[in-house]
Amino acid sequence: PAVVSITATKLTRNPHADDPRFRFFFGDSAPAPQQQLGLGSAVIVSPEGYLLTNHHVVSDAVDIEVQLADGRNTRAVLVGSDAETDIAVLKVDLGSLPVVDLADGRSLQVGDAVLAIGNPFNIGQTVTAGIVSALDRTQRGSSPFQSFIQTDAAINPGNSGGALVDVQGSLVGINTAIFSRSGGNMGIGFAVPVQTAREVMEQLIRGGKVKRGFIGVDFRDLNAELAESLALPVKTGVLITGVLNDGPAAKGGVRPGDVVLRVGDKPVVNSAELVAAVAALPPDSEAQLSVQRGAEALAVRVKVGERPVAARPAPR
C-alpha cells in the first residue's frame, strides 16, 4: 500500500517554433504547448508525506498527481530532484499514510528474492517476483554516481519510481530502468539501491539539491603493469592523469603522476571509490589526500569545491 501511481503533466512545444524559417512560412503565432502525460510510480517513505521516485518520471512536470492504493488522489509538490542518481523526492499533504520500511541495503546479496511493485502500462498496482541478479552494476555512459541493483523481476514502463522490496517487504531499491530491445521486460531490470536513495533524499529535504565534493582531477585505475612501468612502490590506487588549472587539487599541490591511496580515512583502490569518496566530501571543507609521488608518500590537504552538474564527464 505504500507504493503509489504517478501522473506527471509536462508541456511540449514544437522544436522548430524558434526557427526563423519556420516562422516565415507559418507565421509568428506558434502553436500553444501541448500537454503530455507521463506515468510512473513512487514509494511513501515517511509519515510526513515524503515520497521517493525517479528524476526522469517528474522532470519538467508542471503538475504531479498521486493516486494511492486505497483510491485517494492528491497533488504532490516536488521537493527536489537529482539527475545524477535519477532520484526525486515528492511531498503530499495527507493523513494516515502507509509507509514502507527502509532495509539495510548493505546486507543484500546476489540470489536474494525480491519483489518489484509498481503500475506498469497504467494497468494498476502489480507485483512481480525475481531475484537479485547482480550488485554494483553500472551502465556505459551513465553518471559515475549510478550503481544499480540488477534484478530479473519483471519491470516495465510505468514501474519507474516503484519499489523493489525484499521478502520482508522492506525497501531495497527504487526501480529505474530496464535493458530491452523491444521496449518490454526481458529479465534485466535495474534499481537504485536504497542507501543511495536515502542519502539523496536527506540532502534534498534539507536543502533542495544534492551537493557533492569536487577536487578537479582526471584519473585512471593503477594496475601492477602500470605501477611497474612508473617504478612505483604501490600496486593499487588511483593514478592522477590530469589536474584542473586553479582547481582545488591544483591549489592543494596535487600533481599528474600522483597516486591517491586514501581520501580522509577512506582507502581508495579504484576510480569508482575515488569518485564516491570525493563526492561525499562537503563543499568548502578541507580533506587530506594520502598520495604516492614516486618513491615518496605524502599527505596533501585540499579545500573541497562543489561539483557542478555540467562537469560530467569533465574532471571530477
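Up top you'll find the structure we're talking about.
Residues numbered from 1 in each chain as written. Predicted model: local features only at pLDDT ≥ 70, side-chain atom pairs only at ≥ 80, totals over all residues. Heavy atoms only, no water.

### Brief notes about the overall build of the protein
What counts here: Where helices and strands are cited, they refer to DSSP runs of H or I of at least four residues and of E of at least two residues respectively, numbered from the N terminus. Burial classes: relative accessible area under 20% of the type maximum marks a residue as buried, over 50% as exposed, and values in between as partly exposed (1.4 Å probe, protein chains only). Two residues qualify as a contact provided that any one of their heavy atoms is within 4.5 Å of a heavy atom in the partner residue. To measure how exposed things are, a 1.4 Å probe is used in the Shrake-Rupley method; for residues, cover is taken only from the protein chains shown.
Check the secondary structure of the protein and you find six helices and 21 strands. Of all 316 residues assigned to the protein, the portion counted as buried reaches 45%. Of all intrachain contacts in the protein linking residues separated by at least 6 positions in sequence, the fraction that spans at least 24 positions is 60%. Working note: accessible area of the protein is about 15900 Å², and carbon and sulfur atoms make up 51% of it.

### Describing the layout of surface pockets
Our working definition: In this analysis the probe radius is 1.4 Å and the grid spacing 1 Å, with only protein atoms considered; a cavity is a set of points the probe fits into but cannot get out of, a pocket is an open set with protein on both sides within 12 Å along at least five of seven lines, and lining residues have an atom within 4 Å of a point. Grid points are joined across faces, edges and corners, and a volume is the space filled by probe spheres set on the points. Charged means Asp, Glu, Lys or Arg here, nonpolar means Ala, Val, Leu, Ile, Met, Phe, Trp, Tyr, Cys or Pro, and polar covers whatever is left, Gly included.
One number sums up the size of the largest pocket: a volume of about 1300 Å³. Taken together, 43 residues line the largest pocket, and the ones lying closest to its centre are Phe 145, Ser 147, Thr 196, Glu 199 and Ala 276. Among the elements of the structure, β9 (126-137), β10 (148-151), α3 (194-207), β18 (266-267) and α6 (271-279) are those that each provide at least two residues to the lining of the largest pocket. Across the lining of the largest pocket, the residue classes break down as 22 nonpolar, twelve polar and nine charged.

### Describing the packing of aromatic side chains
To keep things clear, this is the line we draw: For Phe, Tyr and Trp, where Trp contributes only its six-membered ring, two rings pair if their centres lie within 6.5 Å, and the inter-plane angle classes them as stacked under 30 degrees, edge-to-face over 60, or tilted in between.
The final tally for this structure, using the stated rule, is one aromatic pair. Relative to Phe 190, the ring of Phe 148 lies with its centre 5.8 Å away and its plane at 50 degrees, an arrangement referred to as tilted. You can see Phe 148 sitting in strand β10 and its partner Phe 190 sitting in strand β13 (residues 189-193), a full 42 residues away along the chain. Like Phe 190, Phe 148 is buried.

### Description of the pairing of β10
As a reminder, the rule being used: Any two strands are treated as partners once DSSP identifies two or more bridges connecting them.
Side chains Phe 148 and Gln 150 of β10 all project onto a buried face; the interleaved residues Ile 149 and Thr 151 project onto the opposite face, where all are buried too. Of the pairings in the sheet, the one linking β9 to β10 comprises three bridges and is antiparallel in character. When the bridges of β10 are listed, Arg 137 appears paired with Phe 148. Judged from the three bridges that link them, β10 and β13 form a sheet pairing that is antiparallel.

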